[in-house]
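Residues per chain, in single letters:
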Amino acid sequence: MAEPEKPKQSRGIFKLFNTAMKKYKKAKVVAKNNPQGSYAAGCPAKNTGSGTLGQGGCKDCDRAI
Amino acid sequence: MGVFFYNFKLKMKIRQTKDTFIRRYGNIGYITNQLTKQDCNYNETGADFLEKINRLPKDIDLIVKELLPLYQDITFKELKADFIEFTEDLEKSGFLLSGNNVDELNTKEPSFSYKMANPKTALYDFTNPDKKDVLTESSEFFYEKFHKEPTIFCLQIEVSSRCNERCIHCYIPNAKKDEGIDMELSLILRVLDEAKEMGTLQVTLSGGELFMHKEISIILRHARKNDFSISILSNLTLLTDEHIALLKEINPSLVQVSLYSMKAVEHDAITLVKGSYAKTKNAIERLVAADIPVQISCPVMKLNRKSYKDVLVYANKLRTKAYTDFIMMAQADHNTNNLAQRINLEETEELLKDMLQFDYDYLDSTLQQEPKSRDIEKFKKMPVCGVGVDNICLTANGDYYPCAGWQGMVLGNAYKQSLKDIWGNSEELKKLRTITNGSFPECVVCEARDYCAMCLVRNYNENNGDMFKITKHFCDVAFLNKKMVEDYLETKKIK
């Protein structure tokens, strides 16, 4: 497959209208899961049931995990 | 570079696995997998990349061609190399599949099975393997993000208020079940569409009893079509083979069921339905045989207080987990009669001793965690839970509540308002969003704060609608938890 041609960038004052294109930064992980219940739920209380015997991981609320 | 070139030559198509879900929250790209329970948040470029990946196999060249016009200063070749590196990382972590053709991708598709080495149903710890390389955990990241920009990450829908059981501890008043209704199908479908539009990831479908809704198959298929990670709460007594086939089709993250005892007479005395034990147990085993992920809830009360350990053993044999709650919640109409079944402190201590003896995995994972309140100033600013921040509940008559148990606080009605309108404009939600641990000064200075599961709705239901009044029983249990953990650690030291 032939390499697609890069869309031409506007020059001078026309650069102002060139808002759709942005500076490229390499894709980067900014956060990853932590143990137990709040791994994906992103529980805002960040409460993984620390030391809370009987709460079985993050079961501080009735939300299914 | 050699590896990239090799893959570039051979593996031209990619797609996400059936258990992977992708969302974009502003400039953040989020990918999560309900099978491995791993997740990743990416920067804006990662978000752009993720947006181009979906459930249909897509040619890598085509994706890069679509991405190229977004950036000012990169060539096709450079972008393609970066994109391949990005997808290779995701493939290694089980989020994506790559291959030369559709058949190859389908052959590689992993599925949940109880026979796999570490089924998610039996695991307690989902720590990411390369944690040391990442500065921030997803929960902390979302805490910061959703606290500033509340986002409905989880939506619970009680599709029917009808229930075929009358569990003696249930927080939903029996009157509501007696007059039970099924939510109108058109309303459910509309709300599921609204939630999709708002970026919701997890949808929990419950009741009443979910399978009493006559159009449950349409609802579940619509939730799947809208690409939600689906959880189901059910007593499973009505589960048919057709339901099992339907569940296989919609691939839920989890089916959660209450099993109160391994003695029929005890379980049935709690549900008040003779024969319910046999039906629920049989249904659990059929779901396990069909490799559908099940989790058992075993709320402990006076009637079954000695039976939790048997349920735990049963769950472990099935390679699943049993969770308990022994604090119980008063009814949503502030009637506290159901709390007559709440176990007292002595009985709680006895239960905890059982748990220390029979629930090693749980105990170890609990003890390994860092205290919540190590940074006291941060602790004070943290919300007590996710109400108003990242989740909301809808019930059969169209009323929205902050969470499933909070049926005394109506936020609005789906027949009159859109989900977006309620989420953005409800005065009650605005007030809830201002509540933090610091709103409970006595908790901030409490020695047992790290051993407490204080809950706004439990306060609210038990104290005539006062969410700030903490019931003494919760504090007593927190101090008991503290003592039990400290005693356990001391015993371990002596050994």
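Residues numbered from 1 in each chain as written. Chains lettered and ligands numbered in written order. Predicted model: local features only at pLDDT ≥ 70, side-chain atom pairs only at ≥ 80, totals over all residues.

## A look at the overall build of chain B
Under the convention used in this document: Numbering goes from the N terminus for both helices and strands, where a helix is a DSSP run of H or I of at least four residues and a strand is a run of E of at least two. Computation of the radius of gyration draws on C-alpha atoms alone. For the globule rule, the value is 2.2 Å times the number of residues to the power 0.38. Contact criterion: two residues are in contact if their C-beta atoms, reconstructed from the backbone, are within 7 Å.
From N to C terminus, chain B includes 21 helices and 15 strands. Taking 495 residues into account, the globule formula puts the C-alpha radius of gyration at 23 Å, and chain B, at 24 Å, falls close to it. With the principal axes as the frame, chain B shows a C-alpha extent of 70 × 55 × 50 Å. Taking as baseline every contact in chain B between residues at least 6 positions apart, the subset at least 24 positions apart corresponds to 68%.

## Focus: the overall build of chain A
Selection criterion: Three classes are used. A residue is buried when 20 or more other C-beta atoms lie within 10 Å of its own, exposed when 12 or fewer do, and partly exposed in between, with C-beta atoms placed from the backbone.
For chain A, the count of helices and strands is one helix and one strand. Per-residue burial for chain A yields a buried fraction of 57% across its 65 residues. Of all intrachain contacts in chain A linking residues separated by at least 6 positions in sequence, the fraction that spans at least 24 positions is 6%.

## A few points about the nonpolar core
Nonpolar side chains in soluble globular proteins generally cluster together in the buried interior. Inclusion rule: For our purposes the nonpolar core covers buried Ala, Val, Leu, Ile, Met, Phe, Trp, Tyr and Cys residues that link as a set through C-beta atoms within 7 Å.
Residues Val159 and Leu205 of chain B are the most contacted members of the largest nonpolar core, which totals 130 residues. Look past the residues within four positions of Leu205 of chain B in its chain and what remains in contact with it is Ile157, Val159, Leu210, Ile219, Ala223, Ile230 and Ile232 of chain B.

## Some words on helix H4 (residues 76–92) of chain B
Rule in force here: Here the expected length of a helix is defined as 1.5 Å per residue gap, with one fewer gap than residues.
In a regular helix each residue adds 1.5 Å, so 17 residues correspond to 24 Å; H4 of chain B covers 24 Å between its end C-alpha atoms and thus fits that length. Immediately downstream of H4 of chain B, the backbone of Gly94 of chain B shows phi near 85 degrees, a positive value.

## Digging into the sheet that holds strand S1 (residues 13–16) of chain B
Within a sheet, adjacent strands bond to each other through the backbone by hydrogen bonds, running parallel or antiparallel. Residues and elements named next belong to chain B. How we decide: Pairing between two strands is assigned when DSSP locates at least 2 bridges connecting them.
One open sheet holds the three strands; their spatial order is S5-S1-S6, and the pairing between them is antiparallel. Of all strands in the sheet, those with a lone pairing partner are strand S5 (58–59) and strand S6 (96–99), marking the two edges. With four bridges joining them, S1 and S6 adopt antiparallel strand pairing. The residue bridging Ile14 from the neighbouring strand is Ser98, located in S6.

## Details of the pairing of strand S9 (residues 229–233) of chain B
All names here are of chain B. Cut-off, in case you're wondering: Call a crossover right-handed when, viewed with both strands pointing away from you, the route from the first strand across the helix to the second goes clockwise.
Counting buried positions along S9 yields five of five residues, so the element is predominantly enclosed. Residue alternation in S9 divides its side chains into two sets, Ser229, Ser231 and Leu233 and Ile230 and Ile232, and both sets are buried. Here four bridges tie strand S8 (residues 202–206) to S9, and the two strands are oriented parallel to one another. Its bridge partner lying in S9, Val203 is registered against Ile230. Looking at chain direction, S9 and strand S10 (residues 254–258) are connected through three bridges and run parallel. When the sheet's bridge partners are listed, Leu233 is paired in S10 with Gln256. Taken together, S9, helix H10 (residues 241–250) and S10 constitute a β-α-β crossover, and its handedness is right-handed.

## Focus on the sheet that holds strand S3 (residues 28–33) of chain B
Going by this rule: Whenever a helix is involved, its axis is fitted only over the stretch in contact; in every case the axis is a line through C-alpha atoms, and angles between N-to-C directions fall within 0 to 180 degrees.
Ordered by their spatial adjacency, four strands build an open sheet running S1(A)-S4(B)-S3(B)-S2(B), and the pairing between neighbours is antiparallel. Each of the sheet's edge strands pairs with one partner strand only, and the pair in question is strand S1 (29–32) of chain A together with strand S2 (20–25) of chain B. Each neighbouring strand pair of the sheet contributes to a mean axis angle of 20 degrees, computed without reference to strand direction. Two elements, S1 of chain A and strand S4 (residues 39–42) of chain B, share three bridges in a ladder whose sense is antiparallel.

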